[in-house]
Amino acid sequence: MKALLALILLAQLPIHRAAPAAPPAPLGCDDPETEAAAEVAVNYINDHSHHGYKFALNRIEQVRVLPQGPNNEILFLELDLLETTCHILNPTPLVNCTVRSFQEHAVEGDCDVKLQNLDGKLSVVATKCHSHADSNEDVHLLCPDCPLLASLNNTEVLTTVTTALNNHNSKTPDAYLRLLEIGRAKIQYHPVHTVSVEFAVAATNCTAEEAKDNLEACQLLPEDQSNFGFCTATMVRDLSQDVRVDCQLYGHQVPALWILPSFPEHSSLLVLIGQGFTNHNLRLSHNNPVASESSSSEFPTSVLSAKSIVKRAAAEVAQHDKVPRPVGFVPPPPPCPGKIRYFKI
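From a predicted model like this one, the values you see are computed outputs, not experimental measurements. (Residues numbered from 1 in each chain as written. Predicted model: local features only at pLDDT ≥ 70, side-chain atom pairs only at ≥ 80, totals over all residues. Heavy atoms only, no water.)

A.B. asks: Sorry if this is basic, but what is going on with the environment of P289 here?
C.D. replies: Residue placement: P289 occurs in the loop between β10 (284–287) and α7 (301–304). When its relative accessible area of 71% is taken as the criterion, P289 is described as exposed. For the pair formed by P289 and A126, sequence separation is 163 residues and the distance between their alpha carbons is 9.2 Å. (Helix = DSSP H or I, 4+ residues; strand = E, 2+ residues; numbered from the N terminus. Buried < 20%, exposed > 50% of the residue type's maximum accessible area, 1.4 Å probe, protein only.)

A.B. asks: What is the right way to look at the pattern of salt bridges in this model?
C.D. replies: Pairs can form between side chains of opposite charge once their charged atoms are near each other. Counted by the stated rule, this structure contains nine salt bridges. The salt bridge partner of R341 is E35, with a shortest N-O separation of 3.0 Å. One end of the pair, R341, is in the segment after α8 (306–321); the other, E35, is in helix α2 (residues 32–47), and 306 residues separate them in sequence. For R341, a relative accessible area of 28% corresponds to the partly exposed category. (Salt bridge = Lys/Arg side-chain N within 4 Å of Asp/Glu carboxyl O.)

A.B. asks: Explanation requested: the state of the cysteines in the structure shown.
C.D. replies: Two cysteines whose sulfur atoms are joined by a covalent bond form what is called a disulfide. Enumeration over the complete set of coordinates arrives at six disulfides. For C29, the disulfide goes to C336, at an S-S distance of 1.9 Å. Between C29 and C336, the S-S dihedral sits near 105°, and the bridge is therefore right-handed. Of this pair, C29 sits in the loop between α1 (2–12) and α2 while C336 sits in the segment after α8, and the two are 307 residues apart along the sequence. Here C231 connects covalently by a disulfide to C247, the sulfurs 2.0 Å from one another. Taking the sign of the S-S torsion, 110° for the link of C231 and C247, the bridge is right-handed. Taken together, the residues span a long stretch of sequence, with C231 in strand β8 (residues 228–236) and C247 in strand β9 (residues 243–251) at a distance of 16 residues. (Disulfide = S-S within 2.5 Å.)

If you want it as structure tokens, here you go:
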């Protein structure tokens, strides 16, 4: 009888069940894991870009993680990048490349990147990027006297590039340099009419003297001897037509794929850069052929939609508000977007 009574009393006691595990906090844009993925993504973008300049990370706008199984997840990143002063042929590590200042008429890159994190190893699956220069109005708002980017097929720009390269080749007995592409150009009208240009070059199998006799026979050095470089030049557009040029060669490196003009005259340059743009667009839409992630490389619209990001952030704050908090408690800010490393365009 006593045993039966004990069982009845035991059955009436409240059962204490373990509280369900709280879902993991959403990955933040400034979390170490996100920043590590962004670093891998930026390096991949620069390694697969064949024109223009290297880009550096300015801000992580959004991150989303999709679990795929044990030790396997897919990350979607939305990144803001800024153009540096290092041309993509420049072997200088990105960490040592200077981001162009706002006053230099900055160029911003927008990239969506899909990565896989498999057993702690990050690999890029797909990327979509484009870039654009800051508006003329924004530059002049903070720097009224700063020169703006000029169209790369502007007649004065082409004249300056041709004159500068001819000037350099005439004074250098070494390999004759040929133009690969014009990277940047700016024209300033006051107080002195000045044209400033930047352009990539490559060494040929001719000397400057040999090029005078048969320029068409001058070809780029073979892959095992390739030598790329970069030039900056300034030309004063007055009666003196004074030009200053400085070229730096980087030595042998694996060549990129380039579309070369047949001749350094204006007509050929126009074929190369006839679009009239002021900067090389970071048009990179790339699927990694060696990536192990086999599902679709499409980017989910929720990652790319600003509205969905705002809704999700609001929902997270609302969820926090449902839990009793001490007086004066301030809910944490949404985990994204992340910090701005340089400046916002």
